[in-house]
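Structure at a glance
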Amino acid sequence: MTTRALLLVALAAVVAKPGMCQQHRWEAQAARTEAVNSTVALLRADLQAKSPATVRKLDASIMLDVSVSGGNVPRSRRTFSGRTIEIPDLFIATSINLARALRTARRAEDYTCIYQYKQHMDRTGSTVGPETYLERAGTQCAELKSRFPLGPVSERIAEQELISTIAFAYLHELGHQYHEHLPVQLPPDVSSKENQCSFLRGMAVRRQLEYEADQFAVDTLDALGRPELVLATSPLWIPAPPSAAPNLVALDQMLSERIAEHPFSAFRWARILDRTLVNLSKRSTPDPALRDIIEQLKDWEARAREMVAESDQSLSPC
Ligand SMILES: [Zn+2]
């Protein structure tokens with residue numbers, strides 16, 4: 001064996017050392033920025049080729065900002081200098097990390113680990129990949145950890161989910177710009193009954209604007225001939241795991257929609273899927289299993305919404 005071959009064998013042994021934590025390619029910020037830029041560039045070319053003139057003109061006026069500081073949710077703004085859609089690097093890191101982690105989920109406990117991972121990223125701004133996080137996550141996540149590394153097919157699916165998530169997020173923000181949504185003013189405090197009521201009304205308006213932006217995104221994907229892309233945005237909609245008292249937790253989450261800026265994510269997801277099903281049905285008969293799941297979710301959403309409305313009526317000070 002030549003010296004060079006010996007060195008290669010030694011190198012392979014070092015690389016394959018068990019327990020050694022290698023950085024995954026998505027842990028490099030440059031890879032994430034490249035994913036946003038290329039996805040949005042393709043999407044915008046598609047918008048210019050297939051959208052109505054109003055959407056084409058609007059999109060041509062948008063500046064994309066892939067920010068590395070600030071929050072972890074996409075935003076759009078309109079100022080004197082023009083229109084901007086901001087997609088933070090943290091949003092991309094969280095999306096690809098969750099998409100990759102979801103590829104390994106089999107049991108309810110796995111979703112609990114993944115939800116904790118999401119909370120960890122939201123709280124700390126961490127961008128570490130799931131294999132690095134799970135290394136330190138304790139024994140309850142050991143089985144999930146053992147399913148890494150992902151195979152090439154799973155890596156490709158996760159990447160496709162990232163691309164779909166970026167496209168949906170961009171179009172959601174474009175929807176806010178299309179409808180000329182303005183920031184909803186809220187009272188400075190909620191010490192009086194009047195202010196409490198105006199706060200709740202303001203929050204309800206904000207949530208309505210989110211639904212409108214979601215609908216724009218769903219319908220635009222349909223107009224681009226890619227309605228099914230919505231189905232691959234699951235990293236956006238990971239629900240909190242059920243607790244020892246599942247009814248209480250679910251109820252608590254739904255009722256907290258009253259004071260949330262963004263609607264309870266399961267409500268948004270139910271509406272998005274419902275609209276997507278309508279769009280898919282215009283082209284061909286959707287997969288019966290898919291239709292069934294969406295119908296069940298829609299039914300659940302209607303009942304949950306009724307429960308929230310009843311609770312609102314009994315608790316509201318207005
Ligand atoms: Zn929004």
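In this text, all values refer to a predicted model and were calculated from it rather than measured experimentally.

**As for helix α4 (residues 89–102)**
Taking 1.5 Å as the rise per residue, α4 with 14 residues should run 20 Å; its terminal C-alpha atoms sit 20 Å apart, in good agreement. Of all 14 residues that make up α4, 12 are buried, and the element is covered over most of its length. Among the residues of α4, those classed as buried are L90, F91, I92, A93, T94, S95, I96, N97, L98, A99, R100 and A101. Against the buried residues of α4 lie α2 (29–50), α5 (108–124), α6 (130–135) and α8 (152–178).

**A few points about unusual backbone geometry**
Of note, the bond from F148 into P149 is cis; its omega dihedral lies within 30 degrees of zero at 0°. With phi around 55°, E180 is a residue other than glycine that occupies positive phi space. With respect to the secondary-structure elements, E180 resides in the loop between α8 and α9 (193–223).

**Side note on the pairing of strand β3 (residues 82–86)**
Bridge count between strand β1 (residues 62–65) and β3: four bridges; the pairing is parallel. The partner of M63 across the bridge, within β3, is T84. Here strand β2 (residues 75–79) folds back onto β3, and the loop between the two strands holds two residues.

**Here's the deal with the environment of I238**
Looking at where I238 falls in the secondary structure, it is placed in the loop between α9 and α10 (246–255). Residue I238 is classed as partly exposed on the basis of its 18 C-beta neighbours within 10 Å. The sequence separation of I238 and K118 amounts to 120 residues, and the corresponding C-alpha distance is 8.7 Å. The residues contacting I238, other than those within four sequence positions of it, are L98, I114, Y115 and K118.

**As for the environment of R291**
By the element assignment, R291 lies in helix α12 (residues 288–315). Residue R291 is classed as partly exposed on the basis of its 14 C-beta neighbours within 10 Å. Separated by 17 residues in the primary sequence, R291 and D274 place their C-alpha atoms 9.1 Å from one another. With sequence-adjacent residues up to four places away left out, R291 is seen in contact with L277 and P286.

**Topic: the pairing of β2**
Sheet faces and side chains relate simply in a regular strand, where the side chains alternate between the two faces. Summarising the sheet, β2 and β3 pair through five bridges and their orientation is antiparallel. Each residue of the ladder has a partner; that of T79, found in β3, is G82.

**Re the sheet that holds β2**
Across a sheet, paired strands are connected by hydrogen bonds in the backbone, their directions being either parallel or antiparallel. Strand order in this open sheet of three strands is β1-β3-β2, and the pairing throughout is mixed. Edge positions in the sheet fall to β1 and β2, since each has one partner strand and no second. Each strand axis lies, on average, 25° off the axis of its neighbour in the sheet, ignoring direction. Together, β1, β2 and β3 form the strand contacts of α8, whose direction differs from that of β2 by roughly 35°.

**Comments concerning the nonpolar core**
Membership of the largest hydrophobic core comes to 49 residues, with the highest contact counts inside it found for I87, I166, A167, Y170 and L171. Residue assignment for this core shows that the elements contributing at least two residues are α2, α4, α5, α6, α8, α9 and α11 (265–281). The residues that make up this core include at least three from each of domain 1 (16–180) and domain 2 (187–234 + 245–315).

**Some points on the packing of α2 against helix α3 (residues 53–60)**
For the pair α2 and α3, the least separation of the axes is 8 Å and the interaxial angle reads 145°. Along this stretch, α2 crosses α3, giving a crossing that reads as left-handed. Residue-level inspection shows R44, L47 and Q48 of α2 in contact with α3, the latter providing V55, R56 and D59. Across the contact of α2 with α3, the residue classes tally to two nonpolar, one polar and three charged.

**Some words on the environment of L58**
Residue position: L58 is located in helix α3. L58 sits 25 residues away from R83 along the chain, and the two C-alpha atoms are 8.9 Å apart. Once residues lying within four places of it in the same chain are set aside, the contact partners of L58 are L174, Q177 and Y178.

**Some remarks on the confidence of the model for the protein chain**
Looking at the protein chain, the pLDDT average stands at 85 and 85% of residues meet or exceed 70. For residues 1–20, every residue scores under 50 in pLDDT, and the model assigns this stretch one contact once sequence neighbours within four places are set aside.

**Considerations on the packing of α2 against α4**
The angle between the axes and the distance between the axes are what describe a pair of packed helices. For the pair α2 and α4, interaxial distance at closest approach is 10 Å and the crossing angle is 95°. Put simply, α2 runs roughly perpendicular to α4. Residues Q29, R32, T33, A35 and V36 of α2 pack against D89, I92, A93 and I96 of α4. When the residues that make up the contact of α2 with α4 are grouped by side-chain class, the tally is five nonpolar, two polar and two charged.

Scoring rules and cut-offs
- Within each chain, residue numbers correspond to sequence positions counted from 1 in written order.
- Only residues with pLDDT of at least 70 get local features here, since the model is predicted, and only at 80 or more are side-chain atom pairs given and counted; chain-wide, interface and lining totals rely on the full set of residues.
- Counting from the N terminus, the helices are DSSP H or I runs at least four residues long and the strands are E runs at least two residues long.
- To estimate how far a helix should reach, multiply one less than its number of residues by 1.5 Å.
- Buried residues are those with 20 or more other C-beta atoms within 10 Å of their own C-beta, exposed residues have 12 or fewer, and partly exposed residues lie in between; C-beta atoms are placed from the backbone.
- Residue pairs are scored as contacts if the distance between their C-beta atoms, which are placed from the backbone, is within 7 Å.
- Paired strands, in this sense, are two strands between which DSSP finds at least two bridges.
- Whenever a helix is involved, its axis is fitted only over the stretch in contact; in every case the axis is a line through C-alpha atoms, and angles between N-to-C directions fall within 0 to 180 degrees.
- For our purposes the nonpolar core covers buried Ala, Val, Leu, Ile, Met, Phe, Trp, Tyr and Cys residues that link as a set through C-beta atoms within 7 Å.
- An automatic or database domain assignment is the source of the domain bounds shown.
- Rotating anticlockwise by less than a right angle from the far helix to the near helix defines a left-handed crossing, while the corresponding clockwise rotation defines a right-handed one.
- In the scheme used here, Gly and all other residues not listed as nonpolar or charged are polar, with Ala, Val, Leu, Ile, Met, Phe, Trp, Tyr, Cys and Pro taken as nonpolar and Asp, Glu, Lys and Arg as charged.
- Per-residue confidence from the prediction method is given by pLDDT, with values spanning 0 to 100.
- What sets the label is the angle itself: under 35 degrees gives roughly parallel, over 145 gives roughly antiparallel, 65 to 115 gives roughly perpendicular, and the rest give oblique.

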